[in-house]
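Close look at the chain arrangement
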Amino acid sequence: MRVVVLTGAGISTESGIPDFRGPQGVWTKNPTAEKLSNIHHYMADPEVRKLSWKARLDHPGWKAEPNAGHRALAELEHSGRLHALITQNIDGLHQRAGNSPDKVIEVHGTMREVMCMSCSWRGPMLDALDRVRAGEEDPSCERCGGILKSATISFGQPLVSGVINRAFHVAMEADLLLAVGTSLQVYPIAAVVPEAKQRGARVVIINAEPTPFDDVVDLVLNRPIGEVLPRATKVATLIE
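Structure report, in brief.

What counts as what
- Residues numbered from 1 in each chain as written.
- Predicted model: local features only at pLDDT ≥ 70, side-chain atom pairs only at ≥ 80, totals over all residues.
- Heavy atoms only, no water.
- Helix = DSSP H or I, 4+ residues; strand = E, 2+ residues; numbered from the N terminus.
- Contact = heavy atoms within 4.5 Å.
- Buried < 20%, exposed > 50% of the residue type's maximum accessible area, 1.4 Å probe, protein only.
- Pairing = 2+ DSSP bridges.
- Polar contact = N/O pair within 3.5 Å; in protein donor to acceptor, adjacent residues only side chain to side chain.

Regarding the side chain of threonine 152
- Along the chain, threonine 152 turns up in strand S6 (residues 148-152).
- In this structure threonine 152 touches Ile90, His108, Gly109, Thr110, Met111 and Gln157, once residues within four positions along its chain are discounted.

A few points about the pairing of strand S1 (residues 3-7)
- In terms of burial, S1 is largely enclosed, as 5 of its 5 residues are buried.
- Burial along S1 is two-sided: the residues Val3, Val5 and Thr7 and Val4 and Leu6 are all buried.
- As paired strands, S1 and strand S2 (residues 82-87) are joined by 5 bridges and run parallel to one another. Residue pairing in the sheet places leucine 6 in a bridge with isoleucine 86 of S2.
- Direction of pairing for S1 relative to strand S7 (residues 176-180): parallel, over a ladder of 5 bridges. Paired with threonine 7 across the bridge in S7 is valine 180.

Focus on the side chain of threonine 7
- Relative to the assigned elements, threonine 7 resides in strand S1.
- Looking at threonine 7, its side chain comes within polar contact range of the side chain of threonine 87, at 2.7 Å.
- One polar contact links threonine 7 to histidine 94, side chain to side chain, over a distance of 2.9 Å.
- Leave out the neighbours within four places in its chain, and threonine 7 touches Leu73, Leu85, Ile86, Thr87, Gln88, Asn89, His94 and Val180.

Interpretation note: all reported values are geometric properties and have no functional meaning in isolation.
Pasting the structure below:
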């Protein structure tokens, strides 16, 4: 059985990283924070970039540890059942839990790298944050002087077509698709759920809140991910 997993912010909330759209979400509690994630504001306004760098310093992802849900998916890979892991998250906790980087498809990029918007240079985010701590409010690229940004996809910024195509390709190959901790409201990646279902896969949604596809999938579990996912992945390893 080929198991494909799609994860969203909900799997990392149990690691102390708040989601965006939930009742306690970052944008729910502070709508102006969404402005920092808009590429047009970021590129045009140095003050937005300064606030963004400060937010990166304080991001809870730097202190977060993988939880039982992350570890369950690493164990699923070690069992030989995980075909691919598509994630909307940028925190890198799947890799830290033990999933192979070549199995993880990060559709929204990663907070653990920085990139230049002019020359496309990439490097470790922690090095850039050291420059901020040393007094640079808006560090620029040391190669070309361009604007630096986390290697994530912001609003208004195009997705990487090759990454999205790979995500849909592996989803179409799934015998079982687990959608975990995702509101399934962000497109195009949310469409992998109905697409996989139409291709004959069994689809299970594990999420605290209802999603638009609850009525078309095989099973919906509105229970804590860290409680349910270890059991679900254990069952998946036993199914031929």
